[in-house]
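Architecture and fold: a report
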Amino acid sequence: MKNQLISNSLAAIIFEAYHSLDKQNKNQLIINAGLSSTLYLINKGRIYALLCSDGGVFEGLGIKCGMRTVDQAIHSVNIDPLTLEPKLSIIGGGEGQKPAGVCGAGAVSAVAQMAEAGIIEPDGNFSKQAVSPRIRGSESGDLEYVLYFGLDASHIDVTISQKDVLSVQKTKSSIYAGAKYLMNYAGITKIDTIILTGAFSEYLNKKHALALGLFPDCHLDNVKTAAADHFNMDAQSLNDEPRNMIEWAVKNIETVEPAYNKDYSVMLAQAAIIPHEKDSFSINHPYLWNCSADSGVPAVSSGMRVDAKILPGGALRNSSSAEFAPKRYISLPLIKRSEAAAAGRIAEQDINSFLRGGYIYESLDEVKINRSLLEHPLIKKTLHYIEENADLPIILEISGPFSVLAALINPVRLYVDSLQNKEKIMFILNNIAESLAEYTIEALKKGLKIISFANVEGVSELVGPAFYAEISGAADYLYLTKIADHLDQGLVHICGKSSYSLHNAGLVTAKTYRVSAEVEYIDCLFAYSQKKAFRFVGHGCLHTKKTTFLPLIYQLQLT
């Protein structure tokens, strides 16, 4: 086996491994894709090699309309998630070029896009919610998605069937699990550079391959592609230096056999899910979320503020104006950031129900939060209303720990003080996170179905990804883990900015599901709150307009 592994990508190994000896902390993964694929992990002067059985998908085998990577093959697909219409890229394609089939790179791209558009679910099965003339039954009885409708007898339909999806899943599972096994074997947790070799790689859409979960998470700028013939060498004509490199490679390569390892079987099963059952693909995710509430777009699904006369405890606000007429749900609490009021800030509100007035602390050293939020009248009134009206569509808005603290002390001063005393800030934020969790759990016990969680002041785009991952995001994660076991009948909607920050920090994974295009996002949340698998939902916005709503819901799982 060792000779086979060496001969497949010897030149690539030589150049990449030998010339990276001075980069001892850089981990490189070479994937030579073909009829049978080989993986090479280069780490600290060692080469670990593993042979994968991938079924020949990279050569178009096992695909109904598969073909080799030649002219007229579809090599990349982009599917509009709203219309489910595809845009095809064809090898050698000029104006009016008709496809003859789909090559391995095209199959990978198509399945990745079908998953991102919700045509197929993370387990690979076609979604019952996806409706399009392009989704139809095949002659074999399973479903298929039509990439191209043949216009006449000389141009057949090009499709991706349920069986094709399964073939791609098996291949990507084999490659990903093999890479993870090599990483575990070498004792590393990340890959710095990925090199894809073979004819398949020349036309591979790297972004789609990563979205599918074909290889471990890596910055796309560090994913290189190179056809195998770029590395061809005549061993007889090599001078002394390349010969020395070959001798070095032979001495330093170690083949790895995972087939009979029980951990490898688990890795294969987890990697079959798109993009993965547990691993987060977050390195290339954006920080920004274009929230319609911030841009002034009116929210069709905006909640109504409860009329003060029906809230136990007296008048806090008269919400009977047309602006707050009953619509889709009841939004609590009456005063936004009431958690901050419960933590000590004076509960005065402006016309938009936000807290007003000055900060109560000058510096982080002055902050003292040592009481339960449940003791405050605002919190008590909110919980009482939830208990008395559990049958109504209520959404309880919860601010993240950093946002609560930012209402007590000037956020700029808070940020500066946090950098100088991380131990102090984490102690305070963890205290707030546990108090928020206590509040949330109590609301769930009283029948609450939906929580909307947002850490407005502490998201990545404001504090930076490093600060978020270490400080504000860590506190968010603590809050979410504290309430996770109490969500049997409830669901947490995490606002888009906050969920992308969590995802970018690798604190959650995300999977895409299709929903009915006729149902509003708010109604989706209440419907999915009845499904035990959906405890956390993100990458969306409660203020999304019906006309711009993509019929997708993103299931989040804590890592």
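What this report covers is the structure whose coordinates are included nearby. (Residues numbered from 1 in each chain as written. Predicted model: local features only at pLDDT ≥ 70, side-chain atom pairs only at ≥ 80, totals over all residues. Heavy atoms only, no water.)

Turning our attention to the overall build of the chain. The helix and strand tally for the chain stands at 17 helices and 20 strands. Burial analysis of the chain (559 residues in total) assigns 55% to the buried set. Expressed as a percentage of contacts within the chain between residues at least 6 apart in sequence, the contacts between residues at least 24 apart total 73%. Surface accessibility of the chain: about 24300 Å² in total, with carbon and sulfur atoms responsible for 51%. (Helix = DSSP H or I, 4+ residues; strand = E, 2+ residues; numbered from the N terminus. Buried < 20%, exposed > 50% of the residue type's maximum accessible area, 1.4 Å probe, protein only. Contact = heavy atoms within 4.5 Å. Areas by Shrake-Rupley, 256 points an atom, 1.4 Å probe, with all protein chains shown as cover.)

With respect to the helices and strands, the residue M67 is situated in the loop between β3 (46-52) and β4 (73-79). The exposure class assigned to M67 is buried, which follows from its relative accessible area of 18%. On a C-alpha basis, the gap between M67 and A100 in space is 8.2 Å, while along the polypeptide they are 33 residues apart. The contact partners of M67, leaving out residues within four places of it in the chain, are E59, G60, Q72, A73, A100, G101, V102, C103 and G104.

Take helix α3 (residues 104-116) next. The end-to-end C-alpha distance of α3, which contains 13 residues, comes to 19 Å, matching closely the 18 Å that a straight helix rising 1.5 Å per residue would cover. For α3, a buried count of 12 out of 13 residues is recorded, marking the element as mostly surrounded by other parts of the structure. Of all the residues in α3, the buried ones are G104, A105, G106, A107, V108, S109, A110, V111, A112, Q113, M114 and A115. Two residues or fewer past α3, G118 is found with a positive phi of approximately 80°. (Expected span 1.5 Å × (residues − 1).)

Counting 71 residues, the largest nonpolar core has L39, M114, I119, I194 and F215 as its most contacted members. With 10 residues, helix α4 (residues 162-186) is the largest single contributor of residues to this core. Excluding residues that lie within four positions of it along the chain, M114 makes contacts with I79, I119, I120, F126, Y145, I160 and V165. Counting 57 residues, the second-largest nonpolar core is a separate cluster that includes L383, L408, I425 and V463. (Core = buried A, V, L, I, M, F, W, Y, C linked by side-chain atoms within 4.5 Å.)

Taking strand neighbours across the sheet as the criterion, the three strands line up as β5-β4-β6 in an open arrangement whose pairing is mixed. Across the chains shown, the open sheet's two edge strands, defined by having one partner strand only, are β5 (86-90) and β6 (101-102). As judged from the two bridges shared by β4 and β6, these two strands associate in the parallel manner. Within the sheet, the bridge partner assigned to I74 lies in β6 and is V102. (Pairing = 2+ DSSP bridges.)

Below, the discussion takes up the pattern of salt bridges. Tallied over the full model, the rule gives 13 salt bridges. With its nearest N and O atoms 3.7 Å apart, the salt bridge here joins K446 to E442. When its relative accessible area of 25% is taken as the criterion, E442 is described as partly exposed. By sharing partners, the salt bridges in this structure join K64, R136, E139, E144 and D157 into a single network. (Salt bridge = Lys/Arg side-chain N within 4 Å of Asp/Glu carboxyl O.)

What follows concerns the packing of aromatic side chains. On inspection of all chains with the given rule, the structure shows eight aromatic pairs. When the ring of Y181 is compared with that of Y264, the centres are 5.7 Å apart and the planes differ by 80°; the resulting orientation is edge-to-face. Taken together, the positions of Y181 in helix α4 and Y264 in helix α8 (residues 262-272) put the pair 83 residues apart, joining distant regions of the chain. Residue Y181 shares its accessibility class with Y264, and that shared class is buried. Ring-pair connections join several aromatic residues into one group, and the members of that group are F402, Y415 and F467. Here the guanidinium or amino end of K531 rests over the ring plane of Y528, the centre of that ring lying 4.2 Å away. (Phe/Tyr/Trp six-rings, centres within 6.5 Å; stacked < 30°, edge-to-face > 60°. Lys NZ or Arg CZ within 6 Å of the ring centre and 35° of its normal.)

Burial analysis of strand β10 (residues 193-197) places five of its five residues in the buried class, the great majority of the element. Neither face of β10 is left uncovered, since the one carrying T193, I195 and T197 and the one carrying I194 and L196 both have all their residues buried. Sheet topology places strand β1 (residues 28-32) next to β10; five bridges connect them, and they run parallel. Looking across to β10, one finds that N32 is bridged to T197.

Here we take up the sheet that holds strand β8 (residues 143-148). Strand order in the open sheet formed by three strands is β7-β8-β9, with antiparallel pairing between adjacent strands. At either margin of the open sheet sits one strand with a lone partner, and together these are β7 (135-137) and β9 (158-161). Across the sheet, the axes of successive neighbouring strands diverge by a mean angle of 40°, strand direction being ignored. Both β7 and β8 contribute to a ladder of three bridges, which runs antiparallel. Pairing of G137 across the sheet is with L143, part of β8. (Axes fitted to C-alpha atoms, helices over the stretch in contact; angles between N-to-C directions.)

The next subject is unusual backbone geometry. The linkage connecting I274 with the following residue, P275, adopts the cis geometry, with an omega of -5°. Counting through the fold element by element, P275 comes out in the loop between α8 and β13 (304-305). A positive phi angle is found at H539, which is not glycine, with a value near 60°. Residue position: H539 is located in strand β19 (residues 536-540). In this structure H539 comes out as buried when scored by relative accessible area, which is 5%.

A few words now on the packing of helix α13 (residues 422-445) against helix α15 (residues 465-484). As a packed pair, α13 and α15 sit with axes 9 Å apart at the nearest point and diverge in direction by 30°. The angle between the axes of α13 and α15 places the two elements in the roughly parallel class. Note that α13 runs across α15; the crossing there is right-handed. Between α13 and α15, the contacting residues are K422, I425, M426, L429, N430, A433, E434, L436, A437, T440 and I441 on the first element and E470, I471, S472, A474, A475, L478, Y479, K482 and I483 on the second. Of the residues assigned to the contact of α13 with α15, the class counts are 13 nonpolar, three polar and four charged. (Parallel < 35°, antiparallel > 145°, perpendicular 65-115°, else oblique. Left-handed = near helix turned anticlockwise from the far one by under 90°. Nonpolar A, V, L, I, M, F, W, Y, C, P; charged D, E, K, R; others polar.)

Across the five residues of β1, five count as buried, placing the element largely inside the fold. On β1, burial covers both faces: Q28, I30 and N32 on one face and L29 and I31 on the other are all buried. Across five bridges, β1 lies against strand β2 (residues 37-43) in antiparallel orientation. Counterpart to Q28 in the pairing with β2 is I42. Taken together, β1 and the strand that follows it, β2, pair antiparallel across an intervening segment of four residues.

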